[in-house]
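# Structural features, examined
What follows is each chain in one-letter form.
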Amino acid sequence: MIISGSASISLASSLSSHSKIPLGKTTHQNFPDGEFMVQTNFQGDHGIIIAATRSASDHLELLQLQDAVREAGATNITTILPYMGYARQDTVFEPGQSLSARAMARSIGTGTDRVIIVNPHKNTVCDYFGVPAIALDASSILAQTLPTNLENPLFLAPDSGAISLAESVRDAYGMGDTDFFEKDRISSTEVHISPSTVDVAGRDVICVDDIISTGTTTSKSARILHDRGAKTIFVTCIHALLVEDARKMLSDSGVDAIYTTDTIVTPETKVSIAPLLAKLL
Ligand code: R5P
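Parameters and conventions
- Residues numbered from 1 in each chain as written.
- Predicted model: local features only at pLDDT ≥ 70, side-chain atom pairs only at ≥ 80, totals over all residues.
- Heavy atoms only, no water.
- Pairing = 2+ DSSP bridges.
- Helix = DSSP H or I, 4+ residues; strand = E, 2+ residues; numbered from the N terminus.
- Axes fitted to C-alpha atoms, helices over the stretch in contact; angles between N-to-C directions.
- Expected span 1.5 Å × (residues − 1).
- Buried < 20%, exposed > 50% of the residue type's maximum accessible area, 1.4 Å probe, protein only.
- Contact = heavy atoms within 4.5 Å.
- Salt bridge = Lys/Arg side-chain N within 4 Å of Asp/Glu carboxyl O.
- Domains from an automatic or database assignment.
- Buried area = accessible area lost by both parts, 1.4 Å probe.
- Polar contact = N/O pair within 3.5 Å; in protein donor to acceptor, adjacent residues only side chain to side chain.
- Nonpolar A, V, L, I, M, F, W, Y, C, P; charged D, E, K, R; others polar.

To continue, consider the sheet that holds strand E1 (residues 2–4). Spatially, the five strands line up as an open sheet ordered E1-E4-E5-E6-E7, and their pairing is parallel. The outermost strands of the open sheet, each flanked by one partner alone, are E1 and strand E7 (133–136). Adjacent strand axes in the sheet meet at a mean angle of 20 degrees, parallel and antiparallel pairs treated alike. Here four bridges tie strand E5 (residues 76–81) to strand E6 (residues 114–118), and the two strands are oriented parallel to one another.

In structure tokens, the structure reads:
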């Protein structure tokens, strides 16, 4: 049986349809002090818990869902993280900092037998769970979100870490070039982009990244593309957090459209990762 966290309800439903595995129900009881408890109708041996952990509350809910499903008799639990929060702090940059990705992974790993995580910022996070964990690369399905009539398309990674994603989307689209810019992160809301010399004039350009959070990285890149005469600028990513005024920043910098998956459901969600996940169950 599949059990869903609050942030993954529609994806869990799609996964149930694709995998033919029944979807269970969860209720929440809230307490006056702000705490909450979950209750599920889980039955069976294999529990599949699917829960994006975008917020601290999502994370606490996941830990309780794992406990509830185990308590209800599951002998085998698979935890699917469509989006894993805190995964970008995957390095101790300064003495005394937490390695947040490891802390979150360790806690999740205690309540499950295996983990499937969709496009973590770095696949090395899989080493932290203490149980078998695999990263699912969903980038190829981003090609399905794009218009079918792109002209001389350029698939651009806004930083070197996203090159393989841009190549994957280009390969799945079936035509086009790839290129990348270099990024230096100054703070959580400031980056410096060093563009390549690629010619974008009159071309359809598709910026590809794993996550768009504040939109700073992509909007700075898009501004450069716009100033250099790109015909159309599309943005596609796996996880669209799009916090605060990210949409306005992207639009103001010349972005024509944003396309993303349902790891986090937004108005820009155009494709589901459910078929890819179903193949792993
Ligand atoms: C970082 O390297 C990631 O791949 C993304 O580029 C980053 O998370 C985007 O964040 P933001 O939208 O805040 O610039």
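There's more to say after this.
Now for helix H2 (residues 56–71). If you check H2, its first and last C-alpha atoms are 23 Å apart, about what 16 residues at 1.5 Å a residue would give, namely 22 Å. The set of residues buried in H2 consists of Asp58, His59, Glu61, Leu62, Leu65, Gln66, Ala68 and Val69. The inward-facing, buried residues of H2 abut E1, strand E2 (26–30), strand E3 (36–40), strand E4 (46–50), E5 and helix H3 (100–109). In the stretch just after H2, glycine 73 is the one whose phi turns positive, near 115 degrees.

So, on to the pattern of salt bridges. It is possible for side chains bearing opposite charge to pair when their charged atoms get close. A complete count under the given rule lists nine salt bridges for this structure. The closest approach of N and O atoms between arginine 170 and aspartate 171, which form a salt bridge, is 2.8 Å. Residue arginine 170 is classed as partly exposed on the basis of its relative accessible area of 22%. Among the salt bridges present, the one from aspartate 204 reaches lysine 231, with a minimum N-O distance of 3.3 Å. Here the residue aspartate 204 occupies a position in strand E12 (residues 204–212), and lysine 231 occupies one in the loop between helix H5 (216–227) and strand E13 (232–240), the gap between them amounting to 27 residues. When salt bridges with common partners are traced through the structure, they connect Glu151, Asp204 and Lys231 into a single cluster.

Take the sheet that holds strand E15 (residues 269–271) next. Read from one edge of the open sheet, six strands run E9-E8-E12-E13-E14-E15, paired in parallel fashion. Taken across any chain shown, the strands that pair with only one partner, and hence form the sheet edges, are strand E9 (177–180) and E15. Across the sheet, the mean angle separating the axes of adjacent strands is 30 degrees when strand polarity is ignored. Here strand E8 (residues 154–157) pairs with E12 via three bridges, running parallel.

This brings us to the domain arrangement of the protein. By domain assignment, the protein separates into domain 1 (2–138 + 274–278) and domain 2 (139–262). Computed over C-alpha atoms only, the centres of domain 1 and domain 2 are separated by 28 Å. For the pair domain 1 and domain 2, the two sides together bury roughly 1100 Å², of which 52% comes from carbon and sulfur. Run the count over domain 1 and domain 2 and you get zero salt bridges. Our count for the contact surface shared by domain 1 and domain 2 stands at seven residue pairs in polar contact (both at pLDDT 80 or more). Here the side of domain 1 that touches domain 2 is built from residues that sort into six nonpolar, two polar and three charged.

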